[in-house]
Amino acid sequence: MAEERDQRLNFTNGDEAELASLYSLDSSLCLYTLEFPCQNLFQTDGKFQHISVHTVTQSSPSPILSCVEKPLKHAHVLPIPVANSDTSSYNQPAASNVLQDIHISARLMDNFLELARENTEKDLETCGVLGAFLEKGTYYVTTLIIPKQKSTSNSCEALKEEEFFTIQNEQSLVPVGWIHTHPSQSCFMSSIDLHTQYSYQVMVPEAFAIVMAPTDSSRSYGIFRLSDPSGMNVLKECQETGFHPHSEPPNGSPIYEHCSNVYTNSNLRFEIFDLR
């Protein structure tokens, strides 16, 4: 059984707020303090929305960072914009299947990028798993799990998968997607990313991949899925591993595409499990 840990998230509104470093008080009790500026994230009529933060104690398998956003009077649900830059590798979805809508908090993506900062500064990728629940035909992403992992500058491999499977099962979460960084590369889906996405999408048709590319000045993030059936068929037949080229689908459609069924929702509560 892992030692008990006390986790806190402190949010401030001041312009001077910066992300505090993770630090350990002693060997038996680890207190982590993260500070995020709230400006430009939850602002309505010039006023900042309050965010409630809970201290959560967890003994196994890992500490939880639990961030609870106070619901706004009126939820802001916005489609994810498509960058106007290079769109040769992906287009608007051409899938014939009707997909359920997915809602995700923009703050979850921002917090993931902050938690990945140490790796990003070392030019190492970071990955996480997204869990959601389905209600009235819409998936709501409420959980980010950052597993133990092995990273390089252009790859990230999750370790001890049974740990995040346990969390998913205990909370009845649908593995609706995954998120990872490209610390020094542009925003695109590599051949390895495509195979990872296939493993998600073959289980959940709505599954999507978020690529966070902080050094890409034209598109800092993208939300993608394999085209269906064209891209899915290419990956289904591919037996290669590592980095390798994929042939375009016979009908000329792209292998992957931008997700038009994913929306940011300012009302979502979410939790982050950092298992590292």
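Every value quoted in this text rests on a predicted model; they were computed, and no experiment measured them.

Rules behind the numbers
Residues numbered from 1 in each chain as written. Predicted model: local features only at pLDDT ≥ 70, side-chain atom pairs only at ≥ 80, totals over all residues. Heavy atoms only, no water. Helix = DSSP H or I, 4+ residues; strand = E, 2+ residues; numbered from the N terminus. Buried < 20%, exposed > 50% of the residue type's maximum accessible area, 1.4 Å probe, protein only. Contact = heavy atoms within 4.5 Å. Areas by Shrake-Rupley, 256 points an atom, 1.4 Å probe, with all protein chains shown as cover. Polar contact = N/O pair within 3.5 Å; in protein donor to acceptor, adjacent residues only side chain to side chain. Salt bridge = Lys/Arg side-chain N within 4 Å of Asp/Glu carboxyl O. Phe/Tyr/Trp six-rings, centres within 6.5 Å; stacked < 30°, edge-to-face > 60°. pLDDT = per-residue confidence, 0-100. Axes fitted to C-alpha atoms, helices over the stretch in contact; angles between N-to-C directions. Parallel < 35°, antiparallel > 145°, perpendicular 65-115°, else oblique. Nonpolar A, V, L, I, M, F, W, Y, C, P; charged D, E, K, R; others polar.

1. Remarks on the overall build of the protein chain
The secondary structure content of the protein chain amounts to five helices and 19 strands. Burial analysis of the protein chain (276 residues in total) assigns 47% to the buried set. A sequence separation of at least 24 residues applies to 73% of the contacts in the protein chain between residues at least 6 apart. Put simply, the protein chain shows about 13800 Å² of open surface, and 49% of that area lies on carbon and sulfur atoms.

2. What to know about helix α1 (residues 106–115)
Along α1, the positions that sit buried rather than exposed are Arg107, Leu108, Met109, Asn111, Phe112 and Leu115. Where α1 begins, one side-chain oxygen reaches toward the backbone nitrogen of Arg107, 3.1 Å away; that side chain belongs to Ser105.

3. Topic: the pattern of salt bridges
Applying the stated criterion to the full structure yields seven salt bridges. Its salt-bridge partner being Glu257, residue Arg225 comes within 3.2 Å of it at the nearest N-O pair. Here the residue Arg225 occupies a position in strand β16 (residues 221–226), and Glu257 occupies one in strand β17 (residues 256–258), the gap between them amounting to 32 residues. The burial state of Arg225 is the same as that of Glu257; both residues are buried.

4. Some points on the environment of Val262
With respect to the helices and strands, Val262 occurs in strand β18 (residues 262–265). For Val262, a relative accessible area of 0% gives the class buried.

5. Some points on the packing of aromatic side chains
Using the criterion set out here, one finds four aromatic pairs in the structure. Ring geometry for Phe224 against Tyr256: centres 5.3 Å apart, planes inclined by 80 degrees, an arrangement best described as edge-to-face. In this pair, Phe224 sits in strand β16 while Tyr256 sits in strand β17, placing the two residues 32 residues apart along the sequence. For the pair shown, Phe224 and Tyr256 are each scored as buried.

6. Looking at helix α5 (residues 230–237)
The set of residues buried in α5 consists of Ser230, Gly231, Met232, Val234 and Leu235. In the core, the buried residues of α5 are packed alongside α4 (191–201) and β16.

7. Some words on the confidence of the model for the protein chain
With 66% of its residues at a pLDDT of at least 70, the protein chain reaches an overall mean of 75. Predicted confidence is poor over residues 1–62, with pLDDT under 50, and the contacts of this stretch with residues over four places away or in other chains come to 127 contacts. Across residues 83–96 the pLDDT falls below 50, and counting only partners more than four positions away or on other chains, this stretch makes 31 contacts in the model.

8. Topic: the packing of α4 against α5
Axis separation between α4 and α5 bottoms out at 10 Å; the angle between their running directions is 105 degrees. Considering their axes alone, α4 and α5 lie roughly perpendicular with respect to each other. Residues Leu194, His195, Tyr198 and Gln201 of α4 touch α5, and the partners they reach there are Met232, Leu235 and Lys236. Classifying every residue of the contact of α4 with α5 by side-chain character gives four nonpolar, two polar and one charged.

9. Quick look at the side chain of Asn261
Here Asn261 lies in the loop between β17 and β18. Using a relative accessible area of 7% as the deciding quantity, one classes Asn261 as buried. Dropping the residues within four chain positions of it, Asn261 is found in contact with Leu99, Gln100, Asp101, Ile102 and Glu206.

10. Regarding unusual backbone geometry
Cis geometry marks the peptide bond from Asp228 to Pro229, where omega comes out at 15 degrees. Counting through the fold element by element, Pro229 comes out in the loop between β16 and α5. For Lys136, which is not a glycine, the phi torsion comes out positive at approximately 50 degrees. For Lys136, the position within the fold is in the loop between β10 (127–135) and β11 (138–146). A positive phi angle is found at Ser172, which is not glycine, with a value near 55 degrees. Taking relative accessible area as the criterion, Ser172 reaches 59% and is therefore assigned exposed.

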